[in-house]
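Structure at a glance
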Amino acid sequence: MLRVHFGAEDLLNVTFASEPLPLVELALALVATQRTDEQAVFGRWRSLAARDLPGRVRPLFDLLRPDGDNPHFVEPYARSLEEGLVVIRDRGAFLTSEGLARAATRAPGSAAWLRALWGHDREA
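Given the structure is predicted, the values throughout are model-derived calculations rather than measurements. (Residues numbered from 1 in each chain as written. Predicted model: local features only at pLDDT ≥ 70, side-chain atom pairs only at ≥ 80, totals over all residues. Heavy atoms only, no water.)

**Concerning the overall build of the chain**
Quick reminder of the rule: Only DSSP runs of H or I with at least four residues qualify as helices, and only runs of E with at least two residues qualify as strands; both kinds are numbered from the N terminus onward. Summary of the burial criterion: residues with accessible area below 20% of their type's maximum are buried, those above 50% are exposed, and those between are partly exposed, where the area comes from a 1.4 Å probe applied to protein chains only. Only heavy atoms enter the contact rule, under which two residues are in contact if any of them lie within 4.5 Å. Only the protein chains shown count as covering a residue, and every accessible area follows the Shrake-Rupley method with a 1.4 Å probe. Residues scored as charged are limited to Lys and Arg (positive) and Asp and Glu (negative), so that His and the chain ends carry no count. A charge is said to be at NZ when it belongs to Lys, at CZ for Arg, at CG for Asp and at CD for Glu.
The helix and strand inventory of the chain stands at six helices and zero strands. Beginning at the N terminus, the succession of helices and strands in the chain can be written as α-α-α-α-α-α. In terms of principal-axis extent, the alpha carbons of the chain reach across some 45 × 30 × 25 Å. Buried residues in the chain amount to 29% of all 124 residues. Sequence separation of at least 24 residues holds for 56% of the intrachain contacts in the chain that already meet a minimum separation of 6. Accessible surface computed for the chain: about 8800 Å², of which carbon and sulfur atoms make up 57%. Distance from the positive charge centre (15 side chains) to the negative charge centre (17 side chains) of the chain: 6 Å.

**With respect to the layout of surface pockets**
Stated precisely, the cut-off is as follows: For cavity detection a 1 Å grid was placed over the protein atoms alone, and a set of points counts as a cavity when a 1.4 Å probe fits there but cannot get out; an open set counts as a pocket when protein lies on both sides within 12 Å along at least five of seven lines, with lining residues being those that have an atom within 4 Å of a point. Grid points are joined across faces, edges and corners, and a volume is the space filled by probe spheres set on the points. Only Asp, Glu, Lys and Arg are considered charged, only Ala, Val, Leu, Ile, Met, Phe, Trp, Tyr, Cys and Pro nonpolar, and every remaining residue, Gly among them, polar.
Here the largest pocket defines a volume of roughly 840 Å³. Around the largest pocket, the lining is made up of 25 residues, and of these Leu-60, Leu-85, Ile-88, Leu-117 and Ala-124 lie nearest the centre. If you list the elements that add at least two residues to the lining of the largest pocket, you get α2 (22–34), α4 (81–91) and α6 (112–118). A total of five residues in the lining of the largest pocket trace back to one element, the largest contributor, which is α4. Taken together, the residues of the lining of the largest pocket sort by class into 17 nonpolar, two polar and six charged. Computed from the structure, the second largest pocket encloses a volume of approximately 500 Å³. In this structure, the second largest pocket is lined by 18 residues; those nearest its centre are Leu-2, Ala-27, Leu-28, Val-31 and Glu-75. Of all the secondary-structure elements, those providing two or more residues to the lining of the second largest pocket are α2 and α3 (39–52).

**Re the side chain of Gln-34**
How we decide: A 3.5 Å cut-off defines polar contacts: any pair of N or O atoms within that distance qualifies, except that in protein one atom must be a possible hydrogen donor and the other a possible acceptor, and neighbouring residues in sequence count only when both atoms are side-chain atoms.
Mapped onto the elements, Gln-34 comes out in helix α2. From its side chain, Gln-34 meets the backbone oxygen of Leu-64 in a polar contact 2.5 Å long. A polar contact is formed between the side chain of Gln-34 and the side chain of Arg-65, at a distance of 2.3 Å. Those residues in contact with Gln-34, other than ones at most four positions away along the chain, are Phe-61, Leu-64, Arg-65 and Pro-66.

**Here we look at the pattern of salt bridges**
The line we're drawing: When a carboxyl oxygen of Asp or Glu lies within 4 Å of a side-chain nitrogen of Lys or Arg, that pair is called a salt bridge.
Overall, the coordinates contain six salt bridges when judged by the stated rule. Here Arg-79 and Glu-19 are joined by a salt bridge, their closest N and O atoms 3.1 Å apart. Here Glu-19 lies in the loop between α1 (8–12) and α2 and Arg-79 lies in the loop between α3 and α4, a separation of 60 residues in the sequence. Under the relative-accessibility criterion, Arg-79 is labelled exposed at 54%. Between Asp-37 and Arg-46 there is a salt bridge whose closest N-O contact spans 3.4 Å. Accessibility expressed as a relative area gives 29% for Asp-37, which makes it partly exposed.

Next comes the structure, spelled out in structure tokens:
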């Protein structure tokens, strides 16, 4: 769950996007599936998501961890999935050696695909 605390002045400056940003929403959902808090609210949803999530999506858990220390290039502010994937492919170079090392040590799976991503492997 994302919690933001606002003061009265902050609320006057709040604006809302006209539509959801698919890759930001996807990243938030993938992070939420890995959390263990709020079981009464999200427990059933997490179980269903874990069961039904396609295997090809699971490597993203290596990048998108519930601690929030996630690479920014995987959450572009793009209005469509296609546009977002183009942005991610272009921004892949923003995964630095430090970012790769941090992601690899936090990853629950193999870091091999992260190394391939860092090497600009389009399949990764």
